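Structural overview for review
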Amino acid sequence: MKNPNQREKDSFLYPRSRYYGQVKPENLVFNANLQEFAQKVGYIANLQTGGKLSAEEAFKQIEVLWKQLEHSKKELKIATDKENVEEHYGGF
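Rules behind the numbers
Residues numbered from 1 in each chain as written. Predicted model: local features only at pLDDT ≥ 70, side-chain atom pairs only at ≥ 80, totals over all residues. Heavy atoms only, no water. Helix = DSSP H or I, 4+ residues; strand = E, 2+ residues; numbered from the N terminus. Contact = heavy atoms within 4.5 Å. Salt bridge = Lys/Arg side-chain N within 4 Å of Asp/Glu carboxyl O. Buried < 20%, exposed > 50% of the residue type's maximum accessible area, 1.4 Å probe, protein only. pLDDT = per-residue confidence, 0-100. Expected span 1.5 Å × (residues − 1). Core = buried A, V, L, I, M, F, W, Y, C linked by side-chain atoms within 4.5 Å. Axes fitted to C-alpha atoms, helices over the stretch in contact; angles between N-to-C directions. Parallel < 35°, antiparallel > 145°, perpendicular 65-115°, else oblique. Nonpolar A, V, L, I, M, F, W, Y, C, P; charged D, E, K, R; others polar.

A few points about the overall build of the protein
Looking only at helices and strands, the protein has 4 helices and 0 strands in total. Traced from its N-terminal end to its C-terminal end, the protein shows the element sequence α-α-α-α. Restricting to contacts in the protein with at least 6 residues of sequence separation, those with at least 24 account for 48%.

Dropping the structure here:
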């Protein structure tokens, strides 16, 4: 079990926002993955802005993260907005 100071530190470094969408396990997991992606992109952008990463290295790292997020979406079978509309209304 983490001590209170570690939980506060984790909460500060890795904040999580509440999920407001349709509550299904796959949506909750994808939302957590999306928040982690956004947070890591922010860190990479800040490192690049601060001169600690080249623009090319920052781009490569973000591209890897994006591919991981896409893979997560595919594995969780998260439908696109268009697919959701077609499923709900029977297509157009």
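A short note on the pattern of salt bridges
Charged atoms that come close allow side chains of opposite charge to pair. Following the criterion strictly, the structure yields 3 salt bridges and no others. The residue Lys24 makes a salt bridge to Glu26 at a minimum N-O spacing of 3.6 Å. Look at Glu26 and you get partly exposed, because its relative accessible area is 25%.

Let's talk about the confidence of the model for the protein
Residues with a pLDDT of 70 or more make up 86% of the protein, whose mean pLDDT is 86. Per-element averaging of pLDDT across the protein places helix H4 (residues 81-89) at the bottom with 55 and helix H3 (residues 55-75) at the top with 97.

Observations regarding the side chain of Asn27
Relative to the elements of secondary structure, Asn27 occurs in helix H2 (residues 25-49). Among the residues examined, Asn27 registers a relative accessible area of 15% and is labelled buried.

A few points about H2
For H2, with 25 residues, the first-to-last C-alpha span of 36 Å sits near the 36 Å given by 1.5 Å per residue. Those residues of H2 that are buried lie in contact with helix H1 (4-13) and H3. Of the residues trailing H2, Gly51 is marked for its positive phi of about 85 degrees.

A few points about the nonpolar core
Side chains of a nonpolar character, in soluble globular proteins, are inclined to be buried together. Phe30, Phe37, Ile44, Leu53, Ala58, Leu65, Leu69 and Ile78 form the largest nonpolar core, which has 8 residues in total. Excluding anything up to four places from it in sequence, Leu69 contacts Phe30, Asn33, Leu34 and Phe37.

Here's the deal with the packing of H2 against H3
It is the contact of H2 with H3, at a shortest axis distance of 10 Å, that shows an interaxial angle of 180 degrees. Taken together, the axes of H2 and H3 lie roughly antiparallel to each other. Contacts between H2 and H3 involve Phe30, Asn33, Leu34, Phe37, Lys40, Val41, Ile44 and Gln48 from the first element and Ala55, Ala58, Gln61, Ile62, Leu65, Trp66, Leu69, Ser72 and Lys73 from the second. Its residues assigned to classes, the contact of H2 with H3 comprises 11 nonpolar, 4 polar and 2 charged.

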